[in-house]
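Observations on the model geometry
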Amino acid sequence: MYLKSKHDHEYECFINEWENLVKKGFSITDTHSHIHFQDYNSDFESMLARAKANGVKKIITIGINYEDSLKAQRLASQYRGIYFTAGIHPSEIEKLQELSIFEPIIVNKKCLAIGEIGLDFYRTTLKKDLQEKVFKGFLNIALYFKKPVIIHTREAASETLSILDEIVKDNNLRGVFHCFSGDENLIDWGMEHNFYFSFTGNVTFSKSCKLRSALKLIPIDRILLETDCPYLTPMPFRGKRNEPAYVIYTLYTAYKMKGLSLQEVANSLENNVNEFFNI
Ligand SMILES: [Zn+2]
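Being a predicted model, the structure only gives us computed values, none of them experimental. (Residues numbered from 1 in each chain as written. Predicted model: local features only at pLDDT ≥ 70, side-chain atom pairs only at ≥ 80, totals over all residues. Heavy atoms only, no water.)

It is worth spelling out the coordination of the zinc ion at this point. Around the zinc ion, the protein supplies H32 (NE2), H34 (NE2), E116 (OE) and D228 (OD) as donor atoms, at distances of 2.2 to 2.3 Å. Coordination at the zinc ion is irregular: its four donor atoms span angles of 87 to 176 degrees at the metal. All donor residues of the zinc ion come from one chain, and their arrangement in sequence is H-x1-H-x81-E-x111-D. Linking H34 in the loop between β1 (28-33) and α2 (44-53) with D228 in the loop between β8 (223-225) and α9 (247-258), this pair joins segments that are 194 residues apart in sequence. The exposure class of H34 is buried, given its relative accessible area of 1%. Given the relative accessible area of 9%, D228 is considered buried. (Donors = N, O, S within 2.8 Å, 3.2 Å for Na, K, Ca; no water. Tetrahedral: all angles 85-135°; square planar, octahedral: opposite > 155°, others 65-115°. Helix = DSSP H or I, 4+ residues; strand = E, 2+ residues; numbered from the N terminus. Buried < 20%, exposed > 50% of the residue type's maximum accessible area, 1.4 Å probe, protein only.)

As structure tokens, this is what we get:
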């Protein structure tokens, strides 16, 4: 297996155990990556080989605007284990076009979800009302096409929840809070409305105690794992470019927090992926 670092003995046992499970056919999915970004142009095939060696059999690559969603679609059409999603990230709204142009992309069989969509009042100075309008528009598209939604929410929990409340009142919406921050209001709301919580590499950082508590608290059947690569590289590779193979280090943290066997954790997580994305 690749990625074994001589300097990190604490991962060694886990790596060996996971390696044995992968030989037996166990796998893990990177539910949120951006592998169609140009960050992977120089080593795309070897990046995929490293993922495969680590038991990452399915990778979902997430669109952040219209052109980018088309790029994600093109990539997914070329590889069996790669799926994609389509949407507009709140900081990409300046590239906004009519949302209806997304419809031919969304009906594609490998388009597993709408996203990433949502509200970001931290990173972007874009008008809140425009972000909210686009978010609502995509939620309605998701309901129409019966697809789940991947929600990015940053410094905007209460606004996100009030929009979701409006939408789910009369509808059945499947959703995940991606790159989950550990926000307690989101946990309460999400648990009540059968939403999922997706954890990324930042849960492995030594300072992320609150986030690990959330991972411990949330039932295993509501958890998804992701890399959000090329961003948020987990320990012990923090500082380097992230890639799907590294999702096993987030798996390691999930395994440590849950107090279940590695088989049980991996099986539950894969069941969640298949159920949530309807694969
Ligand atoms: Zn992302």
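If you look at the biggest cluster of nonpolar residues, it comprises 81 residues, and the most contacted ones within it are W18, L164, L173, F177 and F199. When residues in this core are grouped by element, the largest group, seven residues, is from helix α5 (residues 128-145). Not counting residues up to four positions away in its chain, the partners in contact with F199 are F180, L211, A214, L215, I218, I223, L224, L225, E226 and T250. Counting twelve residues, the second-largest nonpolar core is a separate cluster that includes I62, Y83, L112 and A113. (Core = buried A, V, L, I, M, F, W, Y, C linked by side-chain atoms within 4.5 Å. Contact = heavy atoms within 4.5 Å.)

What the eight strands build is an open sheet, ordered β1-β2-β3-β4-β5-β6-β7-β8; its pairing is parallel. At either end of the open sheet lies a strand with only one pairing partner, and these are β1 and β8. Averaged over all pairs of adjacent strands, the angle between their axes in this sheet comes to 30 degrees, without regard to strand direction. As paired strands, strand β5 (residues 149-154) and strand β6 (residues 175-177) are joined by three bridges and run parallel to one another. Across the sheet, the residue bridging to I150 is V176, located in β6. Together, β2 (56-62) and β3 (82-86) form the strand contacts of α2, whose direction differs from that of β2 by roughly 130 degrees. Of the strands in this sheet, β4 (111-120) and β5 touch α5, which is tilted by about 160 degrees from β4. (Pairing = 2+ DSSP bridges. Axes fitted to C-alpha atoms, helices over the stretch in contact; angles between N-to-C directions.)

A few words on the packing of aromatic side chains. On inspection of all chains with the given rule, the structure shows 20 aromatic pairs. Note on Y11 and Y249: the rings are 5.3 Å apart at their centroids and 85 degrees apart in plane angle, and the pair reads as edge-to-face. With Y11 in the segment before α1 (12-23) and Y249 in helix α9, this pair connects stretches of sequence that are 238 residues apart. Given the relative accessible area of 8%, Y11 is considered buried. Classification of Y249 by relative accessible area gives buried; the value is 1%. On the basis of an interplanar angle of 65 degrees and a centroid distance of 5.0 Å, the ring pair of F180 and F197 is categorised as edge-to-face. Separated by 17 residues along the polypeptide, F180 in the loop between β6 and α7 (184-192) and F197 in strand β7 (residues 196-199) bring together distant segments of the chain. (Phe/Tyr/Trp six-rings, centres within 6.5 Å; stacked < 30°, edge-to-face > 60°.)

Note on placement: T153 falls in strand β5. Residue T153 is classed as buried on the basis of its relative accessible area, which comes to 18%. Side-chain polar atoms of T153 contact the side chain of T160, separated by 2.9 Å. (Polar contact = N/O pair within 3.5 Å; in protein donor to acceptor, adjacent residues only side chain to side chain.)

Turning to the pattern of salt bridges, a few remarks are in order. Applying the stated criterion across every chain, the model contains five salt bridges. Notably, a salt bridge pairs D43 with R241, separated by 2.9 Å at the nearest N-O pair. In this pair, D43 sits in the loop between β1 and α2 while R241 sits in the loop between β8 and α9, placing the two residues 198 residues apart along the sequence. What makes D43 buried here is its relative accessible area of 18%. The closest approach of N and O atoms between R241 and E243, which form a salt bridge, is 2.9 Å. (Salt bridge = Lys/Arg side-chain N within 4 Å of Asp/Glu carboxyl O.)

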